[in-house]
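# Structure at a glance
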Amino acid sequence: MGARSVRLLLAGSAAVTLALSAASPLSAPELEGRRRMGPVQRLLGPIASAAASVEWARYVGALDAGDVTRAYGHAARALSLDSRAAAGWLTLADHFIFIRASPLEEADPAARRRWIREGFAVLRSGELRAASPGVLARYAATIKAAYLSNVPDEGLGWPGGPRALLNEARVDLERAAALGAREVEVALAYIEERERELTDQGR
Amino acid sequence: MNLPLLRLSARRAAPAVALVGVAGVTLLAIAGQPGRAEIVEVSPKFEEVIVSGAELASSTAWIAGLVVASAFTVLFAARIPDRWFRQEGDWLGTSGTSRSSIVRSCLAGTLAGAATLPVIIGLIAGSMGQARESGPASRGQLLELAMLAGPSRSFVLMPGERFEQALPEHDLPPDARVRVRVAPALGAEGPTTKALVKSASQSSELRVARRAWLEVEAPEGGGVIAVTNTGSGALAVLGPAPVEVWRPSSAWGSGHLRLAAHAALHLAFLAALAFGLGAWMGPGIAASLALALWLGARMALASTGLADALPGGAALSAAIGAIAEGRSPLLVRPPLALAASAAVLAGFTLARTSLGTWRRESRSS
């Protein structure tokens, strides 16, 4: 086999490999998240995760520089590169819920609620794509039950108050259990305890 | 100048694998940007993120393309003189071409080859970025930095205090913008604060919870820009030169051509060093050493006034940053071109010196 034939064979193999990598994966219930991966993520394979790490580093740099628009662009890019990692979805949701919705940044309760809902929207998007969606659902429930339901009404003014948050948390936990999350019972027990406390307080 | 040798060196400095590699990585970087649907899925509110997506895609493509182009450039530039000592001296030394001409032609070819790489990156990043911009995400006028002003150090404004910066009375066009870099600081009642920025024609108030730009229209024909701390926390005005004036730009290709010039100087700097070192050592070591020298220089000069004079240094970073913001980079400044020329001269001298003992018996000069 001549050198030209070897080169052609290598080029052909590379082209077929790339085409197969970029193609959609075979249909299977457990591959739902993988089907939502973009062609670039499939093409890059394991390198996509490293590329996403670079984008997360740029996200932090942009936040430090005060350019939140650019930071969210980097975050969106990182999540599209490595949508299977739950940590990315948690990072962005944390930023919306604990930083942007902080009373130090937003004095208006309505604006704070908008940012918090934004954070939960991120977690729901992650549930459709991440490899461990139950973790994201359980995290949403934890924030609602253990953090938001304890925030004084005058600071947040969540419609329905703490009870509504606890009900939402229960729904999230049921979804988390269905998605395979562990230690859901502990969180459910905490919600019941909080509900008893609220009843005792007459709220 | 020996033109056939120049063309041969240009092809060797930018072979097909380098051209395809750089184009492929640039395409991958720009094609991998999340689209409107994906960003909305991440966060339904951020129209601004969608709008700035094209600029972000362009800057990412430039960074990815330049990283790969730098690696290819040093590697292939260092291999050219190595060939002289392996087999090509047999015909080059007896060809009647002077040694200086050989070095000159090969170096010129190497630089020409290296210069094709930023052109490829610019064509891809510029054209695809503009294609995205032509959608609903299109922005206003292209701006370029006109002037820096303000004190050389940061300072703090306590609640109620005011900072004024007079802008020189020279031609500021109607659409010019001015912005001031601020951040919240410790020392007053609250951890965050509010700031009011005012020019003759416009004012704007912003809650400052992190580093931010306070931006307004620039006063026509010069005037005063005033920043007042209207909140309960302390406000830091971040120096040096916290006030930036931006004027409308007529740069071609949304500034990508200017960025390509910055990138070409960076690659010329690396190529010339690798070429010169490659005449004295193996190509792998020469390529690594050229990159290490550049990186060392960049780190050493980072906090000095010469940081802008290193090709591939702060000026290139600022140019990529400007593209990421949808603004135009500045034109290449003389110190930058001078530094690249010095590197070319060093590369030529190193390579020419290495040929001092080369085939004396057959040389014609």
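Everything numeric in this text was worked out from a predicted model, so none of it was measured.

### Regarding the overall build of chain A
The secondary structure content of chain A amounts to 11 helices and 0 strands. For chain A, the succession of helices and strands along the chain, N to C, is α-α-α-α-α-α-α-α-α-α-α. Expected size for 203 residues packed as a compact globule is a radius of gyration near 17 Å; at 22 Å, chain A overshoots this value by more than 25%. Structurally, chain A occupies a C-alpha span of about 85 × 40 × 20 Å along its principal axes. Pairs at least 24 apart in sequence give 58% of the contacts found in chain A among residues at least 6 apart.

### A look at the overall build of chain B
The helix and strand tally for chain B stands at 10 helices and 10 strands. When burial is assessed residue by residue, chain B has 46% of its 365 residues classed as buried.

### Some thoughts on helix H5 (residues 68–81) of chain A
Look at H5(A): 20 Å from first C-alpha to last across 14 residues, which is about the 20 Å you get at 1.5 Å a residue. Where burial is concerned, most of H5(A) is hidden: 13 out of the 14 residues are buried.

### Remarks on helix H7 (residues 256–278) of chain B
Here H7(B) contains 23 residues, and its C-alpha end-to-end distance of 32 Å stays within 8% of the 33 Å for a straight helix at 1.5 Å per residue. Extensive coverage of H7(B) is indicated by the burial of 21 of its 23 residues.

### Some remarks on the confidence of the model for chain A
With 91% of its residues at a pLDDT of 70 or more, chain A has an overall mean of 84. Averaged pLDDT values over the elements of chain A bottom out at 64 in helix H2 (residues 32–35) of chain A and peak at 93 in helix H8 (residues 133–147) of chain A.

### Section: the sheet that holds strand E3 (residues 162–167) of chain B
Residues and elements named next belong to chain B. Reading across the sheet, the 4 strands line up as E3-E8-E5-E6 and stay open at both edges, with antiparallel pairing between neighbours. Looking at strand neighbours, the two that pair on one side only are E3 and strand E6 (203–208), the edges of this open sheet. Averaged over all neighbouring strand pairs, the angle between strand axes comes to 15 degrees, with direction disregarded. With 4 bridges connecting them, strand E5 (residues 193–198) and strand E8 (residues 223–229) associate as antiparallel partners. By the bridge assignment for E8, Ala-195 is matched with Asn-229.

### Observations concerning the environment of B:Leu145
Tracing the sequence through the fold places B:Leu145 in strand E1 (residues 143–149). Residue class for B:Leu145 comes out partly exposed when judged on the 16 C-beta atoms lying within 10 Å of it.

### Some remarks on the nonpolar core
In terms of nonpolar packing, the biggest core is built from 74 residues, with B:Ala268, B:Ala271 and B:Ala274 touching the most fellow members. Of all the elements in the fold, those that place two or more residues in this core are helix H1 (3–13), helix H2 (16–31), helix H5 (53–92), helix H6 (99–133), H7, helix H8 (283–301), helix H9 (314–324) and helix H10 (334–354) of chain B. Looking at this core element by element, the count peaks at 17 residues for H5(B). Here B:Ala271 is in contact with B:Ala13, B:Thr73, B:Ala77, B:Thr110, B:Leu111 and B:Ala114, once residues within four sequence places are set aside. If you look at the next biggest cluster of nonpolar residues, it comprises 47 residues, including A:Ala85, A:Leu123, A:Ala140 and A:Leu148.

### Quick notes on unusual backbone geometry
If a residue is not glycine, its phi is most likely negative; likewise, a peptide bond is most likely trans. Residues and elements named next belong to chain B. A cis amide bond links Gly-239 with the next residue in sequence, Pro-240, at an omega value of 0 degrees. In this structure, Pro-240 sits in the loop between strand E9 (234–237) and strand E10 (243–248). The phi torsion at Ala-241 lies on the positive side, around 50 degrees, for a residue other than glycine. Relative to the assigned elements, Ala-241 resides in the loop between E9 and E10. Backbone geometry places Ser-254, a non-glycine residue, at a positive phi of 55 degrees. Mapped onto the elements of the fold, Ser-254 is located in the loop between E10 and H7. Judged by the 23 C-beta atoms lying within 10 Å of it, Ser-254 is buried.

### Some thoughts on the packing of helix H4 (residues 47–64) of chain A against H5(A)
Residues and elements named next belong to chain A. Where H4 meets H5, the closest approach of the two axes is 8 Å, and the angle between their N-to-C directions is 165 degrees. Relative to H5, the element H4 is oriented roughly antiparallel. Between H4 and H5 lies a crossing of left-handed hand. Judged by residue contacts, Ala-48, Ala-51, Ala-52, Glu-55, Trp-56, Arg-58, Tyr-59, Ala-62 and Leu-63 of H4 engage Val-68, Arg-70, Ala-71, His-74, Ala-75, Arg-77, Ala-78 and Leu-81 from H5. Residue composition of the contact of H4 with H5, grouped by class: 12 nonpolar, 1 polar and 4 charged.

### Overview of the pairing of E9(B)
Residue and element names in this part refer to chain B. The alternating pattern of E9 places Ala-234 and Ala-236 and Leu-235 and Val-237 on opposite faces, both of which are buried. Here 3 bridges tie strand E2 (residues 155–157) to E9, and the two strands are oriented antiparallel to one another. What sits directly across from Phe-155, in E9, is Val-237.

### Topic: the packing of H5(B) against H8(B)
Two quantities define a packed helix pair, namely the angle between the helix axes and the distance between the axes. Residue and element names in this part refer to chain B. For the pair H5 and H8, interaxial distance at closest approach is 8 Å and the crossing angle is 135 degrees. If you check the angle between H5 and H8, you find them oblique. For the element pair H5 and H8, the recorded crossing hand is right-handed. Across from Val-74, Leu-75, Ala-78, Arg-79 and Asp-82 in H5, the residues of H8 making contact are Pro-283, Ala-286, Ala-287, Ala-290 and Leu-291. Each residue belonging to the contact of H5 with H8 can be placed in one class, and the counts come to 8 nonpolar, no polar and 2 charged.

### With respect to the environment of B:Asp175
Residue and element names in this part refer to chain B. Following the sequence through the fold, Asp-175 ends up in the loop between E3 and strand E4 (177–185). Placed 34 residues apart in sequence, Asp-175 and Ala-209 show a C-alpha to C-alpha distance of 28 Å. Beyond its immediate sequence surroundings of up to four residues, Asp-175 is in contact with Gln-141 and Pro-248.

Cut-offs used in this document
Per chain, residue numbering runs from 1 following the sequence as it is written. Think of it this way: whatever chain is written first is A, whatever ligand is written first is 1, and the rest follow in order. Only residues with pLDDT of 70 or above have their local features reported here, since the model is predicted, and side-chain atom pairs are shown and tallied only from 80 upward, although totals for entire chains, interfaces and linings are computed over all residues. For helices the rule is a DSSP run of H or I covering at least 4 residues; for strands it is a run of E covering at least 2, with both sets numbered from the N terminus onward. Here the globule rule reads 2.2 Å times residues to the power 0.38, and the radius of gyration is calculated from C-alpha atoms. Contact between two residues is assigned when their C-beta atoms, built from the backbone, lie within 7 Å. Here a residue counts as buried when 20 or more other C-beta atoms fall within 10 Å of its C-beta, as exposed when 12 or fewer do, and as partly exposed in between; the C-beta atoms come from the backbone. A helix is expected to span 1.5 Å multiplied by its residue count minus one. Each residue carries a pLDDT score, the predictor's own confidence in it, on a scale running from 0 to 100. A strand pair is defined by DSSP finding two or more bridges across the two strands. All axes here are fitted lines through C-alpha atoms, helices being fitted over the stretch that makes contact, and every angle between N-to-C directions spans 0 to 180 degrees. One nonpolar core equals one set of buried Ala, Val, Leu, Ile, Met, Phe, Trp, Tyr and Cys residues connected by C-beta atoms within 7 Å. Angle categories: roughly parallel below 35 degrees, roughly antiparallel above 145, roughly perpendicular from 65 to 115, and oblique for all the rest. Definitions for this section: a left-handed crossing has its near helix turned counterclockwise from the far helix by less than a right angle. A right-handed crossing has that turn clockwise. Three categories are distinguished: nonpolar for Ala, Val, Leu, Ile, Met, Phe, Trp, Tyr, Cys and Pro, charged for Asp, Glu, Lys and Arg, and polar for the others, with Gly belonging to the last.

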